[in-house]
2 protein chains.
Amino acid sequence: MTKPLSIAFLLFPNVTQLDLTGPAQVLSRLGNARLDLVWKTLDPVSTDAGFSILPTATFADVPYADILCVPGGFGINGVIADDEAMAWVQTVGAEATWVTSVCTGSLILGAAGLLDGYRAGCHWAQRDMLTLFNAIPVDARTVVDRNRVTGGGVTAGIDFALTLTAMIRGEAHARAVQLGLEYDPAPPFDSGSPAKAGPEIVAAYQRRMQSIVPTRDDDLRALAKLRGYG
Amino acid sequence: MTKPLSIAFLLFPNVTQLDLTGPAQVLSRLGNARLDLVWKTLDPVSTDAGFSILPTATFADVPYADILCVPGGFGINGVIADDEAMAWVQTVGAEATWVTSVCTGSLILGAAGLLDGYRAGCHWAQRDMLTLFNAIPVDARTVVDRNRVTGGGVTAGIDFALTLTAMIRGEAHARAVQLGLEYDPAPPFDSGSPAKAGPEIVAAYQRRMQSIVPTRDDDLRALAKLRGYG
């Protein structure tokens, strides 16, 4: 018999939906587990990809979870500015067995005071912002420091969740989940990190971010102060 | 200027949500494109992972799309049994520039008569079922045959969608999307295909499928007859 587990993902407006849906697919196969997507109300929450996902529970419904997982995306500043959402992250994060994130979700954990002194991963483009919250940025697909398990950008959530699955249910279980999801990746190009993509594609990406979210990092610095950092 | 594109994903009850959400994340970054998730009504559609996704449009709203993409999952037999859903797949598939699928979504395309004589991919566990529909099963992450572009199981949808992105918008665009999604996969184990997982894990997986969906393949054979095959 496996231990029953509760998994709570924070779902928020303008989440990068694959940050959530990738690891949710993997963790939905932990066995003997309940998976919730949690937000203020049960109304649909818009994602970055043009469609909406329904929360399964509200903050009030989920005061505790064995696994807290916070995804990232353009919506993270809105979460960090939101007292109700941050109070929930802090409450659940304080008691959870595993405190986890994918992509820029680690910046939410950081702002909630949950990564102070911890090594953590993040999307490459905002990884250095972890230092705002006294976290130590690490360039890796999955970073484990005590009970904090944090993933790199977006698709790293799948690698992260398989690692977490193995830590909780053992390697044989994780390998079976990997087989079921046919996770034998073969990207048609080798362009998944700044070093591999090369300076031209990185520069184009940075220009695009500058045009879409010009104040993203400055806003986050201001929010860090609001949350008692910096 | 890039050409404006319409992308229509079939969303259906008990879809393997990552079959849809993986490629939707990639294709949402095609640029100058509208992405719809299409089903009978706009009511929430349940997925295999314990949460629901909202359609953005109904069948009546989307009589044409440049890209049709059909995901897979345990719900495929329900779709193949459904005249309204199959009529929509046939109508849109007949005119689409690209007729595509991920995982067992290719069996829906097959039942709709859209893979007759085509090479196609599928989840490894049901790949051979493609022959029911006169399609030629291929063991690959992405299979391109004329304008049919079909992916392997679940996570192959990300590789598939990057390949399709390059075909439509060019390799530089696809590489930039790959960088943005930090798609530099590093699975913690090497167990993503039957050959790599080995006979014990494969046997355990098959036993589990037998207990969850014991009549899946027999039901599909009966449905193939209903659709004029076999």
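The coordinates are above.
Residues numbered from 1 in each chain as written. Chains lettered and ligands numbered in written order. Predicted model: local features only at pLDDT ≥ 70, side-chain atom pairs only at ≥ 80, totals over all residues. Heavy atoms only, no water.

Caption draft 1: Region of interest: the overall build of chain A. Within chain A, the secondary structure is distributed over 9 helices and 11 strands. Relative to its length of 230 residues, chain A is compact, with a C-alpha radius of gyration of 17 Å against a globular reference of 17 Å. Projecting the C-alpha coordinates of chain A onto the three principal axes gives extents of approximately 50 × 40 × 35 Å. Put simply, of all contacts in chain A between residues at least 6 apart along the chain, 66% involve residues at least 24 apart. In the form shown here, chain A has an accessible surface area of approximately 8,300 Å², with 52% of it arising from carbon and sulfur atoms. (Helix = DSSP H or I, 4+ residues; strand = E, 2+ residues; numbered from the N terminus. Rg over C-alpha atoms; globule rule 2.2 N^0.38 Å. Contact = heavy atoms within 4.5 Å. Areas by Shrake-Rupley, 256 points an atom, 1.4 Å probe, with all protein chains shown as cover.)

Caption draft 2: Structural view of the sheet that holds strand β2 (residues 33-39) of chain A. Residues and elements named next belong to chain A. If you walk across this open sheet you meet the 7 strands as β5-β2-β1-β6-β7-β11-β10, and the pairing is mixed. At either end of the open sheet lies a strand with only one pairing partner, and these are β5 (57-58) and β10 (142-145). Looking at chain direction, strand β6 (residues 67-70) and strand β7 (residues 98-101) are connected through 4 bridges and run parallel. Within β7, the position partnered with leucine 68 by the bridge is valine 99. (Pairing = 2+ DSSP bridges.)

Caption draft 3: Spatial organisation of helix α6 (residues 171-180) of chain A. Buried within α6 of chain A we find Ala174, Val177, Gln178, Leu179 and Gly180 of chain A. Next to the buried residues of α6 of chain A lie α1 (17-27) and α5 (156-169) of chain A together with α7 (194-197) and α8 (199-212) of chain B. Backbone geometry just after α6 of chain A places glutamate 182 of chain A at a positive phi near 45°. (Buried < 20%, exposed > 50% of the residue type's maximum accessible area, 1.4 Å probe, protein only.)

Caption draft 4: Here's a closer look at the packing of helix α1 (residues 17-27) of chain B against helix α5 (residues 156-169) of chain B. All names here are of chain B. Relative to each other, α1 and α5 sit at 25°, their axes nearing to 8 Å. What the angle tells us is that α1 and α5 run roughly parallel. For the element pair α1 and α5, the recorded crossing hand is right-handed. Contact residues: α1 offers Gly22, Pro23, Val26 and Leu27, while α5 offers Gly157, Ile158, Phe160, Ala161, Leu162, Leu164 and Thr165. Taken together, the residues that form the contact of α1 with α5 break down as 8 nonpolar, 3 polar and no charged. (Axes fitted to C-alpha atoms, helices over the stretch in contact; angles between N-to-C directions. Parallel < 35°, antiparallel > 145°, perpendicular 65-115°, else oblique. Left-handed = near helix turned anticlockwise from the far one by under 90°. Nonpolar A, V, L, I, M, F, W, Y, C, P; charged D, E, K, R; others polar.)

Caption draft 5: Quick peek at the relation of the copies chain A and chain B. If you rotate chain A by 180° and push it 0.0 Å along the axis, it lands on chain B with an RMSD of 0.0 Å. Taken together, the rotation angle and the small translation identify this as a two-fold axis. Closest approach to the rotation axis within chain A is made by the C-alpha atom of isoleucine 53 of chain A, at a distance of 2.3 Å. (Least-squares fit on C-alpha atoms with pLDDT ≥ 70 in both.)

Caption draft 6: Structural detail: the side chain of arginine 141 of chain B. Summarising the element assignment, arginine 141 of chain B is placed in the loop between β9 (136-137) and β10 (142-145). A polar side-chain atom of arginine 141 of chain B sits 2.5 Å from the main-chain carbonyl oxygen of glutamate 182 of chain A. Here aspartate 184 of chain A takes part through its backbone oxygen, which lies 3.3 Å from a polar atom of the side chain of arginine 141 of chain B. (Polar contact = N/O pair within 3.5 Å; in protein donor to acceptor, adjacent residues only side chain to side chain.)

Caption draft 7: Layout of the pattern of salt bridges. All names here are of chain A. Within this structure, the stated rule accounts for 26 salt bridges over all chains. Across the pair aspartate 145 and arginine 146 runs a salt bridge whose closest N-O atoms are separated by 2.9 Å. Notably, a salt bridge pairs aspartate 218 with arginine 221, separated by 2.8 Å at the nearest N-O pair. Here aspartate 218 and its partner arginine 221 are both found in helix α9 (residues 216-226), 3 residues apart, which amounts to about one turn of the helix. Judged by its relative accessible area of 38%, arginine 221 falls in the partly exposed class. Through salt bridges that share partners, Lys40, Asp82 and Glu84 make up one connected network. (Salt bridge = Lys/Arg side-chain N within 4 Å of Asp/Glu carboxyl O.)

Caption draft 8: Structural view of the environment of arginine 207 of chain B. All names here are of chain B. As for its position among the elements, arginine 207 is in helix α8. Given a relative accessible area of 57%, arginine 207 falls into the exposed group. The sequence separation of arginine 207 and methionine 129 amounts to 78 residues, and the corresponding C-alpha distance is 18 Å.

Caption draft 9: Summary view of the pairing of β2 of chain A. Residues and elements named next belong to chain A. Judged by how many residues are buried, β2 sits mostly within the fold: 5 of 7 residues are covered. One ladder, built from 6 bridges, connects strand β1 (residues 5-10) with β2; its direction is parallel. Residue pairing for β2: isoleucine 7 is matched across the bridge by leucine 35. Read from β1 through α1 to β2, the crossover connection turns out right-handed. By the bridge criterion, 2 bridges tie β2 to β5 in an arrangement that is parallel. When the sheet's bridge partners are listed, valine 38 is paired in β5 with alanine 57. (Right-handed = clockwise from strand over helix to strand, strands pointing away.)

Caption draft 10: Quick peek at the interface of chain A and chain B. Contacts between the two partners involve 61 residues from chain A and, on the opposite side, 61 residues from chain B. Around 5,200 Å² of area is buried between chain A and chain B when both sides are counted, 61% of it from carbon and sulfur atoms. Looking at the side of chain A facing chain B, the largest losses of area belong to Leu179, Glu182 and Phe189 of chain A, adding up to 16% of the total buried there. Linking chain A with chain B are 6 salt bridges. Here chain A is connected to chain B by 39 residue pairs in polar contact (both at pLDDT 80 or more). Of all the elements in the fold, those that place two or more residues in the side of chain A that touches chain B are α1, β2, β4 (52-53), α5, α6, α7 (194-197) and α8 (199-212) of chain A. Classifying every residue of the side of chain A that touches chain B by side-chain character gives 31 nonpolar, 19 polar and 11 charged. (Buried area = accessible area lost by both parts, 1.4 Å probe.)

Caption draft 11: Here's a closer look at the packing of α5 of chain B against helix α6 (residues 171-180) of chain B. Residue and element names in this part refer to chain B. Viewed as axis vectors pointing N to C, α5 and α6 meet at an angle of 145°, and their least axial separation amounts to 7 Å. For the crossing formed where α5 meets α6, the hand is right-handed. Along its contact with α5, which presents Leu162, Thr165, Ala166 and Arg169, the element α6 presents Glu171, His173, Ala174, Val177 and Gln178. Tallied by class, residues from the contact of α5 with α6 come to 4 nonpolar, 3 polar and 2 charged.

Limitation: the analysis is restricted to geometry and does not speak to function.
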